[in-house]
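Topology and contacts: notes
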Amino acid sequence: VHLLRNAGDEVTITVQYLREAPSFLKLPLGSPGPSSDHSSGASSPLFDSGLHLNGNSTNTAPSSPSSPIANEPKYEKRWLDTLSVPLSMARISRYKAGTDKLRSNAFEVLALDGVSTGILQFYTAQESADWLRAISTNISDLTLQNMKMANKCCSSSDQVIHMGWVNERLEGTDSSQLYKFKFLALKGSSFYIFSTPPVSTLDWVRAEKIYNLCEVLFKIHKLWLADDCWLQANLYLGIHQDFDLEDQRPYCFSVMVGHGKSHYFNVELGNELAVWEKSFQRAIFLEVQRTG
């Protein structure tokens, strides 16, 4: 920088770069493109130095002082996002479609509007676990913010205790077991089942099912800790494990809603199961206390 500041009005710089650089920066190799000057408003903050790549990869010789550099095709050096998935009300899927088999070191993130990241495959189980934990934590934090915003418009007896995505098991006519994403919510005196998350006050009356919390029974069916080793220390559930179930998914619970009918749910992570158990206990206790 010191040399550039004291070099005079005209400076010639020769830049050498790897041949793979254009493909890494998503630039067309050897094709002309829009020119941009150093004061371009679209410049990325990460590359605010004004450096540019010459689009002609075959031209390795330095530019002669007589050639007009401004007329040469140049590309602005910046990161290009191919896909952006909002994590507010997003959900994570670790299972192969239509099966009970977990993906190996892979998962999928789906936004509220259905936009998907596709299957994100990682090299190691630890790398997959780290990303899964980071994304799920971010989703949980954003869900908590949405709950706080919703509770500002509700009375003290109609507060949202917890809400989030689950998989509901649907029994097929051929005895095959299918799972479908559902959005559950514990709010005031009711337990809600949605096909899509409620984003406005009117959406709460459009739930698929609404049950009174005094008339439901929550039960955990089984818990496997091997898949979420980083969460083992955070889980303390005084439950017994039932291994006579037909499906092979861990982290399952059911909600009995009266007359022998029940909904069978599965969550993706062990800590989600712990949160749902505590949330149901709290919501049911508060409602029983209110009704006396």
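Residues numbered from 1 in each chain as written. Predicted model: local features only at pLDDT ≥ 70, side-chain atom pairs only at ≥ 80, totals over all residues. Heavy atoms only, no water.

The name an unreviewed UniProt entry gives the chain is SNTG2 protein, with Eurystomus gularis as the organism.

1. Focus on the side chain of Ser 254
For Ser 254, the location among the structural elements is in strand β11 (residues 252-258). Ser 254 sits in the buried class, given a relative accessible area of 9%. Within the structure, the side chain of Ser 254 is placed 2.7 Å from the side chain of His 221, a separation counted as a polar contact. Those residues within four positions of Ser 254 in sequence are excluded, and the remaining contacts are Leu 217, Phe 218, Lys 219, His 221, His 263 and Tyr 264. (Helix = DSSP H or I, 4+ residues; strand = E, 2+ residues; numbered from the N terminus. Buried < 20%, exposed > 50% of the residue type's maximum accessible area, 1.4 Å probe, protein only. Polar contact = N/O pair within 3.5 Å; in protein donor to acceptor, adjacent residues only side chain to side chain. Contact = heavy atoms within 4.5 Å.)

2. Here's the deal with the sheet that holds strand β5 (residues 116-121)
The pairing of strands in a sheet comes from backbone hydrogen bonds and takes either a parallel or an antiparallel form. With antiparallel pairing, the three strands of this open sheet are ordered in space as β3-β4-β5. Two strands close off the open sheet at either side, each with one partner strand: β3 (91-93) and β5. The average undirected angle you get between the axes of adjacent strands in this sheet is 20°. Two elements, strand β4 (residues 106-110) and β5, share four bridges in a ladder whose sense is antiparallel. Bridging from a neighbouring strand, Glu 108 pairs with Ile 119 of β5. (Pairing = 2+ DSSP bridges. Axes fitted to C-alpha atoms, helices over the stretch in contact; angles between N-to-C directions.)

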